[in-house]
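The lines below spell out each chain.
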Amino acid sequence: MTWMHGSFPGHEVNLVFARGMTLDGLKRRLRGARREPLTLGEAGEWAWAVHDIHDYDADDYDGVDYNRLCRGGAEIVVFETEPCSAKAHPPSFTYYRDGRTVLYLSFGSPQLRGGENPDHLSPELLAAKLIGPDSECAREAAPGHDCFDHREEDHARLVRAIAGFFILPSPPLSPEVCA
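This structure is a prediction, so every number in the text was calculated from the model and none was measured.

Colleague: Could you give me a rundown of the nonpolar core, with the residues and numbers involved?
Modeller: Counting 25 residues, the largest nonpolar core has F17, V77, F79, F93, I162, F166 and L168 as its most contacted members. Among the elements of the structure, β1 (13–19), β3 (46–52), β4 (75–80), β5 (92–97), β6 (100–106) and α4 (151–166) are those that each provide at least two residues to this core. In terms of residue count, the dominant contributor to this core is α4 (five residues). Not counting the four nearest positions on each side in its chain, F93 is found in contact with V77, V78, F79, L103, Y104, L105, F107, L121, I162 and F166. Residues A18, L30, V64 and V78 belong to the second largest nonpolar core, which totals 17 residues.

Colleague: Quick one: what's the story with the sheet that holds β1, residue by residue and with numbers?
Modeller: Spatial ordering of the open sheet is given by β2-β3-β1-β4-β5-β6-β7, a layout of seven strands whose pairing is antiparallel. Of all strands in the sheet, those bounded by a partner on one side alone are β2 (37–43) and β7 (113–114). Two strands pair when backbone bridges link them, and β1 and β4 are joined in this way by six bridges, in the antiparallel orientation. Bridged to F17 within β4 is V77.

Conventions and cut-offs
- Residues numbered from 1 in each chain as written.
- Predicted model: local features only at pLDDT ≥ 70, side-chain atom pairs only at ≥ 80, totals over all residues.
- Heavy atoms only, no water.
- Core = buried A, V, L, I, M, F, W, Y, C linked by side-chain atoms within 4.5 Å.
- Buried < 20%, exposed > 50% of the residue type's maximum accessible area, 1.4 Å probe, protein only.
- Helix = DSSP H or I, 4+ residues; strand = E, 2+ residues; numbered from the N terminus.
- Contact = heavy atoms within 4.5 Å.
- Pairing = 2+ DSSP bridges.

Laid out in structure tokens, this is it:
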């Protein structure tokens with residue numbers, strides 16, 4: 001996700017938004033999961049934090065149990081920006097509510113969604129032409145065209161659709177992102 005790349009040099013990060021808990025509560029829960037926030041803040045109804053995907057110093061390569069973190073009525077939106085950069089896996093998005101995984105999708109194939117309600121954002125994804133009959137690249141069969149060339153644009157549309165639906169704040173990131 002180019003809007004996150006370079007924001008935290010030397011770190012592979014998750015961007016987490018939480019509603020229904022305080023900023024201090026989010027920080028405590030992340031620390032309890034052995035993920036020290038690299039930066040955090042709050043805006044509107046949302047607290048947000050950026051943390052390392054793994055704790056390499058402690059040889060902790062497990063993912064964070066966000067279901068546990070949001071028990072008690074909270075909601076958590078997670079952008080996993082580099083799930084496995086060495087293997088070139090695309091970013092992913094997961095929405096958790098009250099200890100449950102409501103929706104999961106990979107940026108590489110948003111039409112394949114999981115969770116308790118995989119259609120939670122379907123109207124927004126359809127409107128953004130990220131899924132459905134209008135989502136296919138019109139130039140896919142054109143000689144010399146590589147759909148990979150507009151992958152970042154597709155990712156940006158996906159982030160805008162998700163952020164718009166949840167009314168997520170824009171946390172401060174790299175200077176390039178803020179420009």
